[in-house]
Amino acid sequence: MNNSNFTHIDKNNNPMMVNILSKEMTTRCAHARGSLIVSTEIMSQLINGDIQTKKGPVFHTAIIAGTMGVKKTSELIPFCHAISVESCKIEITPNTVENIILIDCIVQTSGKTGVEMEALTGVSIAALTIYDMCKAISHQMIIGEITLEKKTGGKSDIK
């Protein structure tokens, strides 16, 4: 098998972390988005912009959990480089008409490797936290697609 196209496999077919020594330091930014479709019963608990449960304010807790996920991404993804996260912003927006909760995570750093995995992890952990905190109200929730909306810095930009 020719593994020259695989960045995480060496010439002997062993897994490896990508060498970023020769990469340029640039400002890097990634924006990920995900959604949860929830029941009317869950959305009816929305008070002052947050869902209130016996476990506490759901969105505030999810923002904290998502931020922690961003900071721990390299501990979860085997070959993800540990980076210095310089900015992390998570926004949670409920759409009461369609019973959808949108989660946006924007991560920035100055470094040699990107922050896409951190932004995607932030959204994932925030979504799982919302699910965990709302399941006592209803299990009628679907975690939707989690996508990379935008990436800048490094050798290519994605929009």
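Everything below is about the structure shown above.
Structural notes, computed from the coordinates. (Residues numbered from 1 in each chain as written. Predicted model: local features only at pLDDT ≥ 70, side-chain atom pairs only at ≥ 80, totals over all residues. Heavy atoms only, no water.)

## A look at the packing of helix α2 (residues 58-71) against helix α4 (residues 116-134)
- Where α2 contacts α4, the two axes come as close as 7 Å, and the packing angle between them is 145 degrees. Here α2 and α4 pass one another in a crossing that is right-handed. Here V58, F59, T61, A62, A65, G66, G69 and V70 of α2 lie close against α4, whose contacting residues are E118, T121, G122, I125, A126, T129, I130, M133 and C134.
- A per-class count over the contact of α2 with α4 returns 10 nonpolar, 6 polar and 1 charged. (Axes fitted to C-alpha atoms, helices over the stretch in contact; angles between N-to-C directions. Helix = DSSP H or I, 4+ residues; strand = E, 2+ residues; numbered from the N terminus. Left-handed = near helix turned anticlockwise from the far one by under 90°. Contact = heavy atoms within 4.5 Å. Nonpolar A, V, L, I, M, F, W, Y, C, P; charged D, E, K, R; others polar.)

## Thoughts on the nonpolar core
- Counting 26 residues, the largest nonpolar core has L36, I92, I101, I103 and I130 as its most contacted members.
- For this core, the secondary structure elements donating two or more residues are β1 (26-38), α1 (40-43), α2, β5 (87-95), β6 (100-111) and α4.
- A total of 7 residues in this core trace back to one element, the largest contributor, which is α4.
- Apart from residues no more than four positions distant in its own chain, I130 is found in contact with L36, V58, F59, A62, I92, I101, I103 and M141. (Core = buried A, V, L, I, M, F, W, Y, C linked by side-chain atoms within 4.5 Å. Buried < 20%, exposed > 50% of the residue type's maximum accessible area, 1.4 Å probe, protein only.)

## A look at α4
- With 19 residues, α4 should reach 27 Å at 1.5 Å per residue; the first-to-last C-alpha distance of 27 Å fits that figure.
- E118, A119, T121, G122, V123, A126, A127, T129, I130, M133 and C134 are the residues of α4 that are buried. (Expected span 1.5 Å × (residues − 1).)

## Let's talk about the pattern of salt bridges
- This structure, assessed with the given rule, holds 5 salt bridges.
- K55 is paired through a salt bridge with D132; the nearest N and O atoms lie 3.8 Å apart. With K55 in the loop between β3 (50-53) and β4 (56-57) and D132 in helix α4, this residue pair connects regions lying 77 residues apart in the sequence.
- For K55, a relative accessible area of 47% gives the class partly exposed.
- Given a relative accessible area of 34%, D132 falls into the partly exposed group.
- In this structure, K72 engages E75 in a salt bridge whose closest nitrogen and oxygen atoms are separated by 3.8 Å.
- Overall, the relative accessible area of 39% leaves K72 in the partly exposed class.
- Judged by its relative accessible area of 59%, E75 is exposed. (Salt bridge = Lys/Arg side-chain N within 4 Å of Asp/Glu carboxyl O.)

## Quick notes on the sheet that holds strand β2 (residues 46-47)
- If you walk across this open sheet you meet the 3 strands as β2-β3-β4, and the pairing is antiparallel. Each edge of the open sheet is held by one strand with a lone partner, namely β2 and β4.
- In this sheet, β4 lies alongside β3 in antiparallel orientation, the contact comprising 2 bridges. Residue pairing in the sheet places Q52 in a bridge with P57 of β4.
- Along the sheet, α2 contacts β2, β3 and β4; its crossing angle with β3, the most-contacted strand, is approximately 105 degrees. (Pairing = 2+ DSSP bridges.)

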